[in-house]
Amino acid sequence: MQNIHRSIAAAAGAFMLAVAWMPTTVSADQPTYYEPPKFKLQVKPNYPESARAKHEIGTVSVKVLVGLDGKPRQIMLAKSSGHGDLDAEVLRVAKLSTYYPATRDNKPTVAFYDFSYNFTLAGLSEIVAASSENTRKLQADPKNVPARLGLIEADLTKDNFAHAESLADDGVKLVPNDGRMWAGRGGAYYSDGSKNSDTDKLKIAADSYDQALKLDPKSAPASVAAAAYAEYGFHLWQAQQYTDCIPYASKAVQKSPKSWQYVMLKADCETGLQQYKAAIADYQSAQQLDDKKSADLTSRLTASLGNAQLASGDEAGGLQSISQAERISPKAPFAYQYLASYYITKSPPNYNAALNPLQQLALVQPTNVQAQINIGDIYVRQKNFAAAQAAYSRAMSIDPKNGDAQFGLAEIAASKGDSKSIDAPLQKAISLSPNSSAAFNTAISQLLLNATPPDLADAQKYADAATKADPNYASGWYSLGIAYADQNKKDQANSALRKAFDLFKAKNDQNGMTVVNKAYTDLNGKDNSLITGAGRNEKTNQPGSSGV
């Protein structure tokens, strides 16, 4: 009977998550947004003795126009203390101080630096009030876009994301047709989403830049919008939402066509959708643009091309690219991950061939828990239980709370036919990974079905536990059907197999449907196919129908 093995069957998905790596700074075009001027060497004022003797107090506010070279071009008294000697002292030290220029997108820009000093009878205190003027302007006119944008930028320099976003949200409501305001909103949400890996805020940022550029193509630099599109697309790719990823990756490429990481991201999403021809073309375009400044990233790109070539059926080309990726950066994990995944998921699987790249992966990434788990899973298949035990033990030493690693011990017991030693590690694994209960129980059931001789009663027990843990877990119903069939319980077997078929069909899982249908026709005759024959369930997927 078909053996559906928990970890091995899921290896490709685990590897895809493992290679979901790209630096936060994805290219030289990545925006750093606005950084205001600041003191390089601050000369602080003295409290003039004449002022102190007269008990003069008050706040002096100054505006300094800082040039590209950091030198003060102009110094203005923004607010007088009401006392000429106090004002003069602050203007004096403002001129003597040196400054770092403001930057936008990492390039120096001319900007004002506002600051204040407060003279009190207790002494002198500095008040950095860079936003005071913009606050005054916005209070006078809430639709003043430059003032609002200035306040947003000031908030972002202090990581005050919530206030920046609130200012931006109010701004687009008040002036919905101003592209600058939408771009400001994009910048606020992008800064927050990028720093805190918040996908929802990255989406708001990307969509805000969309609106900004529709209203005014000059409202935001193309590289800034491209970075926002790409980072949101990257998060979608990590979540395996490939269909949603492609439009954003495409926009990033359109706005910054020479950024090869964006082209690679588009290809990654195409690979996820099995659009291998398009993916291969994009990976090759990315190779032409690659500046080769990072051997690891170049290796990742080359390995991804090899993965798409292998998936498209070009084994020779794919293996050549994978080998090239290894040579480019022997310590990068990508080539080993893709090669192991290829051998595990090909038909029929070649677990012996997968073992070598997995072992290489474990060498370059000694804390990679999933690599150790998959090594253990392969050793279980080879009935090399001592090596499997060692691999699972290494995984647990890396992460004692990893349910999959703990579950490996239950797999060893089931593969040995030692039913008495299954439950303790199985229940511990479930306690560590409650959402995997159905998968764990199903895997144990499958191992018992394939034991020599099969342990049919226990196989039925664990399959039944899987369907109770998750009634929509198709593989659990399939295992239950096989256990019933092997015990000549035909009616129960047919009921469970129909349920499995319906669930696989609901997910459009053609492979699962084929596996279940073969078991069903083996039991009922080839004319009773659930796909084409008399056994076909016409009620499958109909609302309110269990399909059983």
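Heads up: the structure comes first, above all this text.
Residues numbered from 1 in each chain as written. Predicted model: local features only at pLDDT ≥ 70, side-chain atom pairs only at ≥ 80, totals over all residues. Heavy atoms only, no water.

A. How the structure looks around the overall build of the chain. A tally of regular secondary structure across the chain gives 26 helices and nine strands. Within the chain, the proportion of its 548 residues that are buried is 51%. Carbon and sulfur atoms make up 50% of the accessible area of the chain, which totals about 25400 Å². (Helix = DSSP H or I, 4+ residues; strand = E, 2+ residues; numbered from the N terminus. Buried < 20%, exposed > 50% of the residue type's maximum accessible area, 1.4 Å probe, protein only. Areas by Shrake-Rupley, 256 points an atom, 1.4 Å probe, with all protein chains shown as cover.)

B. Spotlight on helix α25 (residues 490–506). If you check α25, its first and last C-alpha atoms are 24 Å apart, about what 17 residues at 1.5 Å a residue would give, namely 24 Å. Buried within α25 we find Ala493, Asn494, Ala496, Leu497, Lys499, Ala500, Phe501, Asp502, Leu503 and Phe504. Contact partners of the buried residues in α25: α24 (474–486) and α26 (510–524). Trailing α25 by a residue or two, Asn508 shows a phi angle of about 55 degrees, which is positive. (Expected span 1.5 Å × (residues − 1). Contact = heavy atoms within 4.5 Å.)

C. Representation of helix α4 (residues 84–96) within the structure. In a regular helix each residue adds 1.5 Å, so 13 residues correspond to 18 Å; α4 covers 19 Å between its end C-alpha atoms and thus fits that length. What α4 keeps buried is the set Leu86, Asp87, Glu89, Val90, Val93 and Ala94. Buried positions in α4, seen along its axis, are confined to an arc of 160 degrees and lie on one side of it. More than 90 degrees from the buried face of α4, the exposed residues found are Gly84 and Lys95. At its buried positions, α4 is contacted by α3 (49–53), β3 (58–66), β4 (72–79), β5 (98–100) and β8 (111–120). (Arc of directions from axis to C-beta.)

D. Just the environment of Ser321, in detail. Position of Ser321 relative to the elements: it lies in helix α15 (residues 315–328). Residue Ser321 is classed as buried on the basis of its relative accessible area, which comes to 6%. When the C-alpha positions of Ser321 and Ala308 are compared, they lie 10.0 Å apart, and in sequence the two are 13 residues distant. Excluding residues that lie within four positions of it along the chain, Ser321 makes contacts with Thr302, Leu305, Gly306 and Gln309.

E. Structural detail: the state of the cysteines. Going through the model one piece at a time under the given rule, you end up with one disulfide. The disulfide that involves Cys245 links it to Cys269, with 1.8 Å between the sulfurs. Given an S-S torsion of about 45 degrees, the disulfide between Cys245 and Cys269 has right-handed geometry. Placement of Cys245 in helix α11 (residues 242–255) and of Cys269 in helix α12 (residues 260–272) is noted, with a sequence separation of 24 residues between them. With a relative accessible area of 0%, Cys245 lands in the buried category. Relative accessible area serves as the criterion here: at 0%, Cys269 is assigned to the buried category. (Disulfide = S-S within 2.5 Å.)

F. Broad picture of the packing of helix α22 (residues 437–449) against α24. The geometry of α22 relative to α24 is characterised by a closest axis approach of 9 Å and an angle of 30 degrees between their N-to-C directions. Comparing the axis directions of α22 and α24 gives the class roughly parallel. Read as a crossing pair, α22 and α24 show a hand that is left-handed. Between α22, through Thr442, Ser445, Gln446 and Leu449, and α24, the contact on the second element is made entirely by Ser475, Gly476, Tyr478, Ser479, Ile482, Ala483 and Asp486. Taken together, the residues that form the contact of α22 with α24 break down as four nonpolar, six polar and one charged. (Axes fitted to C-alpha atoms, helices over the stretch in contact; angles between N-to-C directions. Parallel < 35°, antiparallel > 145°, perpendicular 65-115°, else oblique. Left-handed = near helix turned anticlockwise from the far one by under 90°. Nonpolar A, V, L, I, M, F, W, Y, C, P; charged D, E, K, R; others polar.)

G. Geometry of the side chain of Arg148. Residue position: Arg148 is located in helix α6 (residues 145–157). Buried and without a salt bridge, Arg148 has Asp170 as its closest oppositely charged side chain, separated by 4.7 Å. Ignoring anything within four residues of it in the chain, the contact list for Arg148 reads Leu138, Pro142, Leu167, Asp170, Gly171, Leu174 and Met181. (Lys, Arg positive; Asp, Glu negative; His and termini not counted. Salt bridge = Lys/Arg side-chain N within 4 Å of Asp/Glu carboxyl O.)

Geometric descriptors of this kind do not, in isolation, establish any biological role.
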